[in-house]
Amino acid sequence: MKNSFFIIFGIIIFFYIYPFLIYPLILYLLTFFKKSLKIQIIDKYEELPSVSLIISAYNEASSIQKKIENSINLDYPLDKVQIIIISDGSTDETANLAKSYQHPNIHVVELNERKGKTYAQNIGASISKGEIFVFSDANTILERDALKVIVSCLLSSEKIGCVSGNLVYIKRKRSIGEPEYQKYETLIKILESRFFSSIGVNGAFYALRKSDFIQLPENIISDFVLPLEIYRKYEKITVLCEQARCLEEIPYKDNDLSGVIQRKSRILSRGLIGMLYVKELLNPLKYPLMSFELFSHKFLRWTSGFLLFLAYFLPLFYFDSLGKLIFGFENLLIVLICIFYLLSKKNSKNCPLLSAVIYFLLVNISQLVGWYYLISRKTPTTWATKR
């Protein structure tokens, strides 16, 4: 009985930690002698392609003017930049504030009905004239050279179909692990870029050629599926460009636990729908490297909530002295985490390790909620602005 318990418990723990620790370690070892992509920045005016900067916005009145000012002051010839702002059914002054900029290269499209980011991007792409499409969020601030860097990275090789910018979160006074998680996710995408192809892009800032753009259904999460579709259709890879930096505030208020769960569960449920949309890429015989990355980076991670649930309740099925000890230890950990969290909240102190643990647990809870959304067909296609 004890042997079967240890075997089952060991298998659960292995598959739980695999996508978070073992997979990145495998990538690191496989790419140890590989260098990051070297980029020759394009500086000559005549060599720089025209760009359509497509910005989806919903109720971004507090951010849209800053975003436009940032966009028109980038280190890129403004006459080669078409700025398209799609107001996705905004109920505030987002569209009016954007329209107040009387510039021939700024185009504002108002959608009467809110359809979600993917639909808004499809509309933006349909009226874009640039050779390069660059998608960005309304609350994302690009560093001055970011546009030139990401375009140069994209054009550095015909094998590259999509380039992700390097998103850096601006820390609030108190945060729940999102900045650290973003750094961790960025590291994995850098390793994937060196190994083969990054899985997905940062939706806040990414670029692709107009000729490679593929319209997606509005319920599909574009920053995950679009790079995969470009690979499937054109056999072009995705890379993360470390030098193309952009800044963004954490997308929820300090210690907003429900905000974390709401956002992560929405992303996961739409990601699962996206996985079904590109399920062909999970075939290891046809796509060995891509299926390995997809299975390791996404699918197993998206099941970790179930694995944690199983690991917690498994000792109850072996409720001898060992099972009681393990189950008691698990509950003691939960109680201690709750106590330390409440104490840190009361004293207004932010412990990075505690924040990381709580965030990690919230991500696992979000996965269970995300699966519920998928199974019950209640997956939201729109996002909420909480700033």
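S.K.: Can you break down the pattern of salt bridges residue by residue, with the values?
M.R.: This model, assessed by the stated rule, comprises ten salt bridges. Ionic pairing is found between Glu 110 and Lys 99, a salt bridge with its closest N-O pair at 2.4 Å. Residue Glu 110 is located in strand S3 (residues 106–111), and its partner Lys 99 is located in helix H3 (residues 94–99); the two are separated by eleven residues in the primary sequence. On the basis of relative accessibility, which here comes to 43%, the residue Glu 110 falls in the partly exposed class.

S.K.: I'd like to hear about the packing of helix H7 (residues 222–234) against helix H9 (residues 288–302), residue by residue, with values.
M.R.: The geometry of a pair of packed helices is captured by two quantities: the angle between their axes and the separation between those axes. Remark: H7 packs on H9, axes separated minimally by 13 Å, with the N-to-C direction vectors making an angle of 160°. Here H9 runs roughly antiparallel to H7, going by the angle between their axes. Helix-helix and strand crossings are classified by hand; for H7 and H9 the assignment is left-handed. Residues Phe 224, Leu 228 and Tyr 231 of H7 touch H9, and the partners they reach there are Met 290, Leu 294, Lys 298 and Trp 302. For the contact of H7 with H9, a count of residues per class yields six nonpolar, no polar and one charged.

S.K.: Just give me the short version of the packing of H7 against helix H8 (residues 257–277), but keep the residues and values in it.
M.R.: Relative to each other, H7 and H8 sit at 15°, their axes nearing to 9 Å. The pairing of H7 with H8 is recorded here as roughly parallel in orientation. The hand of the H7/H8 crossing is right-handed. Within the contact between the two elements, H7 uses Phe 224, Val 225 and Glu 229 and H8 uses Gly 271, Gly 274, Met 275 and Tyr 277.

Criteria and cut-off values
Residues numbered from 1 in each chain as written. Predicted model: local features only at pLDDT ≥ 70, side-chain atom pairs only at ≥ 80, totals over all residues. Heavy atoms only, no water. Salt bridge = Lys/Arg side-chain N within 4 Å of Asp/Glu carboxyl O. Helix = DSSP H or I, 4+ residues; strand = E, 2+ residues; numbered from the N terminus. Buried < 20%, exposed > 50% of the residue type's maximum accessible area, 1.4 Å probe, protein only. Axes fitted to C-alpha atoms, helices over the stretch in contact; angles between N-to-C directions. Parallel < 35°, antiparallel > 145°, perpendicular 65-115°, else oblique. Left-handed = near helix turned anticlockwise from the far one by under 90°. Contact = heavy atoms within 4.5 Å. Nonpolar A, V, L, I, M, F, W, Y, C, P; charged D, E, K, R; others polar.

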